[in-house]
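Below, each chain spelled out in residue letters.
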Amino acid sequence: MTLWVTVSVALVALGTTFGLVFLAARRIDNYGIVDIAWSYAFAGLALFYAVAGAGWGWRRGWLAGMVGIWSLRLGTHLHRRVMAHHPVEDGRYVELRREWSGRLGPAMFRFFQLQAVSVVLLGFPFLLPMQNAAPHLAGLEMVGTTFWLAGIAGEALADAQLAAFKRRAADNRGVCRTGLWRYSRHPNYFFEWLVWVGYFVFAAATPGGWVTVYAPLLMLALLFRVTGIPLTEQQSIRSKGDAYRAYQATTSAFVPWFQKKPPA
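Here we summarise the structure given alongside this text.

Procedures and definitions
Residues numbered from 1 in each chain as written. Predicted model: local features only at pLDDT ≥ 70, side-chain atom pairs only at ≥ 80, totals over all residues. Heavy atoms only, no water. Helix = DSSP H or I, 4+ residues; strand = E, 2+ residues; numbered from the N terminus. Rg over C-alpha atoms; globule rule 2.2 N^0.38 Å. Buried < 20%, exposed > 50% of the residue type's maximum accessible area, 1.4 Å probe, protein only. Contact = heavy atoms within 4.5 Å. Expected span 1.5 Å × (residues − 1).

Across its full length, the chain holds 11 helices and 0 strands. The N-to-C order of helical and strand elements in the chain reads α-α-α-α-α-α-α-α-α-α-α. In terms of overall size, the chain behaves like a compact globule, its C-alpha atoms giving a radius of gyration of 19 Å where 264 residues would be expected to give roughly 18 Å. With the C-alpha coordinates aligned to their principal axes, the bounding extent of the chain is approximately 60 × 45 × 25 Å.

Shown next as structure tokens:
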């Protein structure tokens, strides 16, 4: 199977899968399940690339394991969160319903299909190393693994700290300022991005792998411009009001950093 045939098969399979997820979302009236599907999809994609790849077996297994651990942890975390609130939908999708009122079905279907395309585009840092026949892991691959390890550990810690805060909170209007959330308004997103930096660095050890630098850049754009930070912050302001605005004034949006003094 050639590289482009492999990609084409992956795109068709994922497009079909996300089409079925769209139908399931309409049936239960909760479009937030697309986040779960998006997260789990990477484990399946990496496994497919590992089986179809012609590279060194240990490298294929190593990278498939990295992607699988990240994908299954994130997908399971999101599954628990979405199902715990169901039938109440994540605020980001409530907002999309308002924005796409009158054309919700077709617009949301396109949105789901774009998720399938994004999985394939982001998957090239997995695909290329799976073709690398060099019978050893290079230094860059170990550096990439280190970035990945730091990212997945930080993301898991941020998720756990936020979940613990929500369990203790008397209502939903409090703002989490403990642990990593003291230094970043979105530490989970930052460490998610660090995972993708790790995948790129790993891929850069393969000839031509440097072209996958677009993957962490695309992830950054998704986090800053699409369904990440903007919609999350809009929802936080709606639900927490001035408490969240004060948090915005003192705390880094993305990279964990020391707090600023509140404006006079």
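Read on for the rest.
As for its placement among the helices and strands, Phe126 is situated in helix H6 (residues 124-127). By relative accessible area, which is 0% here, Phe126 ends up buried. The residues touching Phe126, leaving out its near neighbours within four places in the chain, are Phe42, Leu45, Tyr49, Leu63, Val67, Trp196 and Tyr199.

Here we come to helix H2 (residues 33-52). Along its 20 residues, H2 runs 29 Å from first to last C-alpha, staying within 8% of the 28 Å computed at 1.5 Å per residue. Where burial is concerned, most of H2 is hidden: 14 out of the 20 residues are buried.

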